[in-house]
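Chains, contacts and geometry: an overview
Single-letter residue listing:
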Amino acid sequence: MKNRLSGVRPFSVINQSVGLKLFLIIICSIVVLVSTLGVASYSISKNIIKKKVASASLQTIEQASDKLNFLFGVYESQARQLMVDQELIGQLLAYNEPGLSTAGKNQLTNNIVERLNSLVAADKRLFSVRLVPKNLDKTKLLSSKGASSLNLTDDNHSWLSQVIEANGEVVYMPAQKKGLFDLNSEPTMMIGRLQKNLNNPDKEYIILFEVRDQALTDVLANISLAESSQIMLIGNDNNIAHIEDITLLESKSSLRIFDTGHGEEDRGSIFIKDEQSKTQLVVYKRNELSNWMVVGVAPVSELVQETSSIITVTIGIIIISALLSIAIGFFVLRMVGKPLQQLSSLMEEGEGGNLSVRTKFKGQDEIGKLGKSFNQMMEKISLLVTKTDGSAQHVFHTAFELSEVSEKTSEMAREVASAIEQIAKGAMELSIEAEREMTYAENIGLSMNKVIDFNSKMEESADQVYLISSQGTEYMNDLISKTNTTEELTSSMVGKVDRLKESTISIHKILEVLKTMTQQTNILSLNASIEAVRAGAAGKGFMVIANEIRNLSDQSKESIGIVQAITSDIRNEVEATVELLLTASPLLNEQIRSIKEAATIFDHVREKMDLFIEHNKSSISSIKELNQSQLILSESISNVSAVAEQSSAASEEVASITSEQLSSSEKLVGLSRKLEDLSQKLKESLKLFQTRNKESE
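Residues numbered from 1 in each chain as written. Predicted model: local features only at pLDDT ≥ 70, side-chain atom pairs only at ≥ 80, totals over all residues. Heavy atoms only, no water.

1. Quick notes on empty space enclosed by the protein
Applying the stated criterion across every chain yields a total of one cavity of 30 Å³ or more. Estimated volume of the largest cavity: approximately 50 Å³. In this structure, the largest cavity is lined by Ile89, Leu92, Leu93, Gln195, Lys196, Asn197, Lys203, Glu204 and Tyr205. (1 Å grid on protein atoms, 1.4 Å probe; cavity = no way out; pocket = protein on both sides within 12 Å on 5 of 7 lines; lining within 4 Å. Points joined across faces, edges and corners; volume = space filled by probe spheres on them.)

2. Quick word on the packing of aromatic side chains
When we look at a pair of aromatic rings, we describe it by the centre distance and by the angle of the planes. Under the criterion given, the structure shown has four aromatic pairs. Taking the centre distance of 6.2 Å and the plane angle of 40° together, the rings of Tyr75 and Phe209 count as tilted. Of this pair, Tyr75 sits in helix H3 (residues 18-84) while Phe209 sits in strand S5 (residues 205-212), and the two are 134 residues apart along the sequence. This pair shows no difference in class: Tyr75 is buried, exactly as Phe209 is. Ring pairs connect the aromatic residues Phe72, Tyr172 and Trp292, which therefore count as one cluster. (Phe/Tyr/Trp six-rings, centres within 6.5 Å; stacked < 30°, edge-to-face > 60°. Helix = DSSP H or I, 4+ residues; strand = E, 2+ residues; numbered from the N terminus. Buried < 20%, exposed > 50% of the residue type's maximum accessible area, 1.4 Å probe, protein only.)

3. Brief notes about the side chain of Glu204
Mapped onto the elements, Glu204 comes out in the loop between strand S4 (188-195) and S5. Apart from residues no more than four positions distant in its own chain, Glu204 is found in contact with Pro133, Lys134, Leu194, Gln195, Lys196 and Asn197. (Contact = heavy atoms within 4.5 Å.)

4. Notes on the pattern of salt bridges
Close approach of charged atoms allows side chains of opposite charge to pair. Taken as a whole and judged by the stated rule, the model has eight salt bridges. With a closest N to O distance of 3.4 Å, Lys203 and Glu97 form a salt bridge. Here the residue Lys203 occupies a position in the loop between S4 and S5, and Glu97 occupies one in the loop between helix H4 (86-95) and helix H5 (102-122), the gap between them amounting to 106 residues. For Glu97, a relative accessible area of 40% puts it in the partly exposed group. Linking Glu186 and Arg212 is a salt bridge whose minimum nitrogen-to-oxygen distance equals 2.4 Å. One end of the pair, Glu186, is in the loop between strand S3 (171-176) and S4; the other, Arg212, is in strand S5, and 26 residues separate them in sequence. You can call Glu186 partly exposed: its relative accessible area is 23%. (Salt bridge = Lys/Arg side-chain N within 4 Å of Asp/Glu carboxyl O.)

5. Describing the environment of Glu169
Checked against the element boundaries, Glu169 lands in the loop between helix H6 (154-165) and S3. The exposure class assigned to Glu169 is exposed, which follows from its relative accessible area of 52%. Through-space distance from the C-alpha of Glu169 to that of Arg80 is 9.9 Å; in sequence the pair is 89 residues apart. Not counting chain neighbours up to four residues away, the residues in contact with Glu169 comprise Gly192 and Arg193.

6. Quick notes on a negative patch on the surface
On the surface, Asp154, Asp155, Asp182 and Glu250 cluster together into a negatively charged patch. Secondary-structure assignment places Asp155 in helix H6. (Patch = residues over 30% accessible without salt bridge, like charges linked within 9 Å, V, L, I, M, F, W, Y side chains within 5 Å. Areas by Shrake-Rupley, 256 points an atom, 1.4 Å probe, with all protein chains shown as cover. Lys, Arg positive; Asp, Glu negative; His and termini not counted. Charge placed at Lys NZ, Arg CZ, Asp CG, Glu CD.)

7. Details of H5
Spanning 21 residues, H5 covers 30 Å between terminal C-alpha atoms, matching the ideal 30 Å at 1.5 Å per step. Turning to H5, its buried residues are Leu108, Thr109, Ile112, Leu116, Leu119 and Val120. Buried residues in H5, looked at end-on, bunch into an arc of 115°, giving them a common side. Along H5, the residues that are exposed and aim more than 90 degrees away from the buried face are Ala103, Glu114, Ala121 and Ala122. (Expected span 1.5 Å × (residues − 1). Arc of directions from axis to C-beta.)

Functional significance is not addressed by these values, which are geometric in nature.
Have a look at this one:
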């Protein structure tokens, strides 16, 4: 076995050995189970501890919030007392009277300041107390000992405006490094409230309690979530209102509780990652008085530090379970793997032909039963091989006789197939010839159909030509009538033009007469002028008339000349028109003759088309009769072809049956020979098996 596995790869050895597989399965299953159980226990315990620590931390933060409520409640109570203190209210009203003397003003100032100083002296957590006028007039500011002046900026002015808008409600200002007015030596926070005065709203004051930031630190000093935990106050704008490290005051918090939506809740706990990607536990509680968020931050690694012991125990258990699984694996490998390996070797010898191998397992377990079953199986196989050897001899003789009979049957089937094949060829040639004639008949039928279609189209075309000829004849008759009308109009026009020419000649004669009359009038006016000159002064009036007559004569002469020129032009145009009409008249006559000849031609065309249509109809009827005969011929040829195809199919079917019989005979011969070969090989193969033990022989 060692020699056989020496050149095999480790994975191949594992695949070939059931014992090694069981060994690895036991080890892996135990180790994985224990590891999974340990990791799950660690994870569950860690989560439980985180939840418990978060719950305990939240209670701690609630206690811190309660302490802050107590602190803030003290100053809210003091502010409420100052608001309702009638003596203080009266002093402030008197202090703001316009006619107050300097001595009286100083006295009131000392009384009020002494009152404020007493508050600061009674409480070391107070840095100062201020009374700021509502109009922020610095000259009327009243403050306790140690308070800075009223240094107004945009930030503190905005906060003072919030106090005024709160209308008597308490407003909290987060702690700042140098106080609200940036003049203090240490960080302070501010609590403000407006002292209402309904009778004199212009004389109202803002009460400011300036609390040391150290007071908040002292209140939260005994509160701790872990060794490196941190307690802070965060405003609604995410600004830090208080933190132990005063350098972080007036800056934005990196926790961003309000950005994640948790700021809308009054209390809770979340796990977030800081800038170094370390998980931090953040517990918060909203303070009822200041409305600030009391926040505690602690690293989760410190909170779950005790769970590291679970990992150590888990690793130890994994190591112990691995050693135990190895021991169990070796035991299983010895009890199961070794017998199976021996049985595999015996089966390999049986595969090589040694049927005398037997096992020596004596146990009553499954391995022992498997050995007994293997021995019984080998004995039965030996008996089967012995019987098979005798059967192989009998099969060999039977195969030889079957081979001789199959060869004779194959020769007879081959002769029958040859004769049927010749019959099938004749039927096939007859079928092919019938199909060829059928193709010719179909081609003739197609040609006849085409001729019928062409004749139908020619008939339609002839009908169209006939209609067109009829329309042409009608159009020519209409044209002849119109041409005759044109000829009559032309003749009438010639007569009218002649009459116009005669009228022009008459006008010309009238103009000649008018021209003569104009000349005589001119002569008369000239004679009248001469006579007027002779008459002297008495003939001046006649002279004027003579001049007018001469002017009229000249104008008439010019008009007659113009009319005569126009008349000459009209006569020339009339003469030219007459010449054109005389020239066009013969052409119109020739056109009339041509149109009449065309009408005669259209009549002849229509008569010829009538004859053509009658002949075409006769041709179509003859072609239809011929087509009917062709169809009858095609049916006859088709019947012949069908009969030939049936004969050919029957012959082919017989031939195929004969071919199948021949092929079956040949296969039978081949099978007989194969059976003979197989019987010979079976006999040789059975010689390889050794059914008796060599030692017994």
